[in-house]
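# Results of the structural survey
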Amino acid sequence: MNPIEIKNVYKTYTRKRFLSFGKREETPVLQDVSLCLKENHVLGLVGESGCGKTTLSKIILGLEKASSGQVIVDGKEISKLTKPAFKKLRRLMQVIFQDPYSSLDPRMNVGQIIGEPLDIHGLYKDKLSRRKILEELVKSVGLSPEHLTRYPHEFSGGQRQRIAIARALALDPKVLIADEPVSALDVSVQAQILNLLKEIKQKRRLSMLFVSHDFAVARFLCDEIAVMYKGRIMEYAPAEELFSNPQHPYTEALFSAVPVPDPVRQKKREAVSLTARPGMENHPCPFAPRCAYVCEACHTAPLLAQVRPGHFCACAALPFKNKKSSFAV
Amino acid sequence: MNSSSALLDVQNLRVSFSTEEGTVQVLKGLSYSLPKGKVLAVVGESGSGKTVHALSLLRLLPPTADIEEGHVLFEGKDLVSLPERQLRKLRGARISMIFQDPMSSLNPVLTVGEQLKETILAHRKISKLRAKAAAIRLLKKVGISDAARRYDQYPFQFSGGMCQRVMIAMALALKPQVLIADEPTTALDVTIQAQILRLIKNLQQQTGMSAVFITHNLALVADVADEVLVLYGGLCMEKASVQAIFKNPLHPYTQGLLNSLVSINKKEDLLPAIAGNPPVPGKECPGCPFAPRCQRAEKRCFQTRPPLFGKREHQAACWLLEEKA
């Protein structure tokens, strides 16, 4: 059984505009998203800001409700669960947020922060066993037991993210949802946290939904990657397949924009232009205004179709796209 | 580099902050010179003093900070001791700055055009009409389509990348000789980041100005910089041309930084991370600030601070290089 399955999820935010006489303005943020997180796999959600990747992870965590579609966690559809049943299920999925400076309560010490989930779910017999669990947890993320009595402000960014990871692991979850867990960290510390996440995934046989805007980081950690754009999945493939055979023009453009730390090679590379052309806002394909390959085939909304084994891509122009121009990394 | 070709010459800059726990030195004697028409990248992690260094060049530091020592020479004038009124004439006009977060650097209650015009009128004695025309030209130059209409819009109607373009337009409005860009792309998406970097680089080459590009991301440096200065714990660790930094990094910290970059070109099993955490300002070790995290650190690394070793073109502050020098 797959830990998480998402089927045809839509999400629309509505808001009333001032003096609009009851008319509502609708903003679609997720459109027909279907994904599957396999056991002990890492699924990467990659896209620019505003593409809906965080909204999707919030829906899975039950922090937002999908407008339609199914979210199935551990075989159960979450919209049909009662509150107590969802609370039980929620134990299985824990989350790590982007900014370790704002995601830890400054007035709680580390022991309280990591122990809070244990308290909520009542997962220990007595104070001694609670203490024991906490010590195990801090050790597993590379901190030491004496850190338990300290407060978040005494720690650096990387150490804080370790605390956040320990808190997420406290309930022994099956699924970790990591929303940009390293993008607020320094480069030298980022590598430590990425190694830690990989180690935890292997040791605990976890599945992970890894939300990121950084392809290099995604390649290091992910088994499958879904590329999102304006609330839709544009390309969905096993990670290595995606990097050796990117199909969608958007994926190519994203690859070309990633800076390469080598002055000789970087100066030779050319970034694919992603400047939006005006007047194409209502095009059926959301990427069309920025796409270099728009042609007559693009007059209908592109559907996610299998283009190679296990490799899905939503681009109507794909058969007409010049293969030579593809930008593999 | 001899000082005659240098546009900006920073000599032994020391900056400290007074805090509840006493004075904390954030910059501990930084020296470099910025040649004409070149881009110098200052690379450092949070707390390394890179932003403090940028702010101290134009004396924009908060009141708790104090430039203890050092000189910033620009066209024969020392910006550290220059009277405020004269310095104000230089700020924005001869030396301008772009900040990290474009959304919060613009005034939300003034239109974008108004803010651009204001910059121009503060330094030039021209009519408002001509200033407006100049502002629209600038918006076009930084790649904003439909500039005349955009002129009357407010910052919230612009995306992050567009706001940064406006900031760049503002910084370039008076054709400065030096542009200081403090993490100009950190708040932006990768695709937008690539566009903004290209824009800065193109404008820099067109106008022949010099730039100090401050970043925490070594990968970006490869694209824009001619020379690189690696900052750690308020000290210069290594100084070299961009090719030399990537091909032959001398300092263990630079080597570690380069190794810990995640590559998009291959899948790795484990990243060679630098162990430990960046130093907290004021609590560094008396020797080399990197010593506690350095695998090759010896006893003297913890006790005495290493000077810069090596030739002028490529210098690094590490005791390991002493024998070679």
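Residues numbered from 1 in each chain as written. Chains lettered and ligands numbered in written order. Predicted model: local features only at pLDDT ≥ 70, side-chain atom pairs only at ≥ 80, totals over all residues. Heavy atoms only, no water.

## Some words on the side chain of Lys-198 of chain A
Defined as follows: A run of H or I in DSSP becomes a helix once it reaches four residues, and a run of E becomes a strand once it reaches two; helices and strands are each numbered from the N terminus. Note on classification: 1.4 Å probe, protein chains only; a residue is buried when its accessible area is under 20% of the maximum for its type, exposed when over 50%, partly exposed between these limits. Positive charges come from Lys and Arg alone, negative charges from Asp and Glu alone, with His and the N- and C-terminal ends not counted. The term salt bridge refers to a side-chain nitrogen of Lys or Arg lying within 4 Å of a carboxyl oxygen of Asp or Glu. N or O atoms within 3.5 Å of each other form a polar contact, as long as, within protein, one can give a hydrogen and the other can take it, and as long as residues adjacent in sequence are counted only when both atoms are side-chain atoms. By definition, residues are in contact when any of their heavy atoms lie within 4.5 Å.
Position of Lys-198 of chain A among the secondary structure elements: in helix 6 (residues 187-204). The side chain of Lys-198 of chain A sits in the buried core without any salt bridge; Asp-269 of chain B is the nearest counter-charge, 4.7 Å away. Of note is the side chain of Lys-198 of chain A, whose polar atom sits 3.0 Å from the backbone oxygen of Phe-220 of chain A. Apart from residues no more than four positions distant in its own chain, Lys-198 of chain A is found in contact with Phe-220 and Leu-221 of chain A together with Lys-267, Glu-268 and Asp-269 of chain B.

## Regarding the pairing of strand 6 (residues 93-96) of chain A
Residues and elements named next belong to chain A. Basically, it comes down to this: In this description, strands pair whenever DSSP reports at least two bridges between them.
Residues Met-93 and Val-95 line one face of strand 6 and the alternating positions Gln-94 and Ile-96 line the opposite face, and both faces are buried. Bridge count between strand 6 and strand 7 (residues 175-179): four bridges; the pairing is parallel. Looking across to strand 7, one finds that Met-93 is bridged to Val-175.

## So, a positive patch on the surface
Convention followed: Only residues whose relative accessible area exceeds 30% and that take part in no salt bridge are eligible for patches, with like-charged residues grouped when within 9 Å of each other and nonpolar side chains (Val, Leu, Ile, Met, Phe, Trp, Tyr) grouped when within 5 Å. Note on areas: Shrake-Rupley with a 1.4 Å probe; residue coverage comes only from the protein chains shown. Working definition for charges: the position is that of NZ of Lys, CZ of Arg, CG of Asp or CD of Glu.
Together, Arg-124, Arg-130, Arg-137, Lys-140, Lys-141 and Lys-175 of chain B make up a positively charged patch on the protein surface. Secondary-structure assignment places Arg-137 of chain B in helix 5 (residues 128-141).

## As for a nonpolar patch on the surface
All names here are of chain A. Nonpolar side chains collect at one region of the surface, where Phe-18, Leu-19 and Phe-21 lie side by side and expose about 490 Å² of accessible area between them. As for its position among the elements, Leu-19 is in the loop between strand 1 (4-16) and strand 2 (24-37). Given the relative accessible area of 61%, Leu-19 is considered exposed.

## Considering the sheet that holds strand 5 (residues 76-77) of chain A
All names here are of chain A. To keep it simple, the criterion reads: Each axis is a line fitted through C-alpha atoms, and for a helix only the stretch in contact is used; angles between axes span 0 to 180 degrees, taken between their N-to-C directions.
Pairing is antiparallel across the open sheet formed by four strands, whose spatial order is 2-1-4-5. If you trace the sheet from one side to the other, it starts and ends with strand 2 and strand 5, each paired once. Of the pairings in the sheet, the one linking strand 1 to strand 2 comprises 10 bridges and is antiparallel in character. Looking at strand 2, one finds that Arg-15 is bridged to Glu-25. Strand contacts of helix 1 (residues 53-60): strand 1, strand 2 and strand 4 (68-73), with the helix running at about 110° to strand 1, the strand carrying the most contacts.

## Digging into the domain arrangement of chain B
Residues and elements named next belong to chain B. Definition in use: Boundary definitions for the domains trace back to an automatic or database domain assignment. In short, buried area is how much 1.4 Å probe accessible area vanishes from two parts on joining, totalled over both.
Segmentation of chain B into domains returns domain 1 (3-94 + 174-321) and domain 2 (102-173). Taken over C-alpha atoms, the centre of domain 1 sits 29 Å from the centre of domain 2. Each partner contributes to the interface: domain 1 provides 21 residues, whereas domain 2 provides 15 residues. Buried area between domain 1 and domain 2, both sides added, is near 1400 Å², and the carbon and sulfur share of it is 71%.

## Structural notes on the interface of chain B and chain A
Taken together, the contact pairs 39 residues of chain B with 40 residues of chain A. In this assembly, chain B and chain A are joined by zero salt bridges. The interface formed by chain B and chain A contains 16 residue pairs in polar contact (both at pLDDT 80 or more). In terms of residue count, helix 8 (residues 190-207) of chain B provides more of the side of chain B that touches chain A than any other element does, seven residues in total.

## What to know about the packing of helix 7 (residues 160-172) of chain B against helix 8 of chain B
Residue and element names in this part refer to chain B. How we decide: The cut-offs work like this: below 35 degrees is roughly parallel, past 145 is roughly antiparallel, 65 to 115 is roughly perpendicular, and the gaps in between are oblique. Helix crossings fall into two classes, left-handed where the near helix is turned counterclockwise from the far one by less than a right angle and right-handed where it is turned clockwise.
For the pair helix 7 and helix 8, the least separation of the axes is 10 Å and the interaxial angle reads 15°. Taken together, the axes of helix 7 and helix 8 lie roughly parallel to each other. As for how helix 7 packs across helix 8, the hand of that crossing is right-handed. Contacts from Gly-161, Gln-164, Arg-165, Ile-168 and Leu-172 of helix 7 reach helix 8 at Ile-192, Gln-195, Ile-196, Leu-199, Ile-200 and Leu-203.

## Points about the nonpolar core
Most often, soluble globular proteins keep nonpolar side chains buried together rather than apart. Filter applied, for reference: For the purposes of this section, nonpolar cores are sets of buried Ala, Val, Leu, Ile, Met, Phe, Trp, Tyr and Cys residues that join through side-chain atoms within 4.5 Å.
Within the largest apolar cluster, 70 residues are counted, with the highest numbers of intra-cluster contacts made by Ile-114, Ile-165, Leu-194, Phe-210, Phe-215 and Ile-225 of chain A. Broken down by element, this core gets its largest block of residues, seven residues, from helix 6 of chain A. The next biggest cluster of nonpolar side chains, apart from the first, holds 42 residues, and it includes Val-112, Ala-131, Ala-147 and Leu-179 of chain B.

## Some remarks on the side chain of Glu-235 of chain A
Residue and element names in this part refer to chain A. With respect to the helices and strands, Glu-235 occurs in strand 10 (residues 232-238). Residue class for Glu-235 comes out buried when judged on its relative accessible area of 0%. A polar contact is formed between the side chain of Glu-235 and the backbone nitrogen of Gln-247, at a distance of 2.8 Å.

## Focus on the confidence of the model for chain A
Definition in use: Every residue carries a pLDDT, the predictor's confidence in it, which falls somewhere between 0 and 100.
Here chain A averages 89 in pLDDT, while 97% of its residues score no lower than 70. In this model, residues 323-329 of chain A is a region of pLDDT below 50 whose contacts with residues beyond four sequence positions or in other chains number 19 contacts.

## Remarks on helix 1 (residues 50-57) of chain B
Residue and element names in this part refer to chain B. Of all eight residues making up helix 1, seven are buried, and the element is well covered by its neighbours. What helix 1 keeps buried is the set Lys-50, Val-52, His-53, Ala-54, Leu-55, Ser-56 and Leu-57. Remark: Arg-59 follows helix 1 within two positions and exhibits a positive phi of approximately 55°.

## What to know about the packing of aromatic side chains
Between two aromatic rings, the relevant description is the distance of the centres plus the angle of the planes. Note the threshold: A pair of aromatic rings is counted whenever rings of Phe, Tyr or Trp (Trp by its six-membered ring) have centres within 6.5 Å, and the orientation is called stacked for planes under 30 degrees apart, edge-to-face for over 60 and tilted otherwise. Geometrically, a lysine NZ or arginine CZ counts as sitting over a ring once it is within 6 Å of the ring centre and also within 35 degrees of the ring normal.
Evaluation of the coordinates by the stated rule reveals 12 aromatic pairs over all chains. Consider the rings of Phe-243 of chain A and Phe-255 of chain A, whose centres lie 5.1 Å apart with planes at 10°: the pair is stacked. Of the two residues, Phe-243 of chain A is situated in helix 8 (residues 239-244) and Phe-255 of chain A in helix 9 (residues 249-257); the sequence distance between them amounts to 12 residues. There is no split in this pair, since Phe-243 of chain A and Phe-255 of chain A are both buried. The structure contains a cluster of three or more aromatic residues connected by ring pairs, namely Phe-215, Phe-243 and Phe-255 of chain A. Just above the ring of Phe-220 of chain A sits the side chain of Lys-198 of chain A; from NZ or CZ to the centre is 4.1 Å. Here the basic side chain of Arg-150 of chain B rests over the ring of Phe-158 of chain B, its NZ or CZ set 4.5 Å away from the ring centre.

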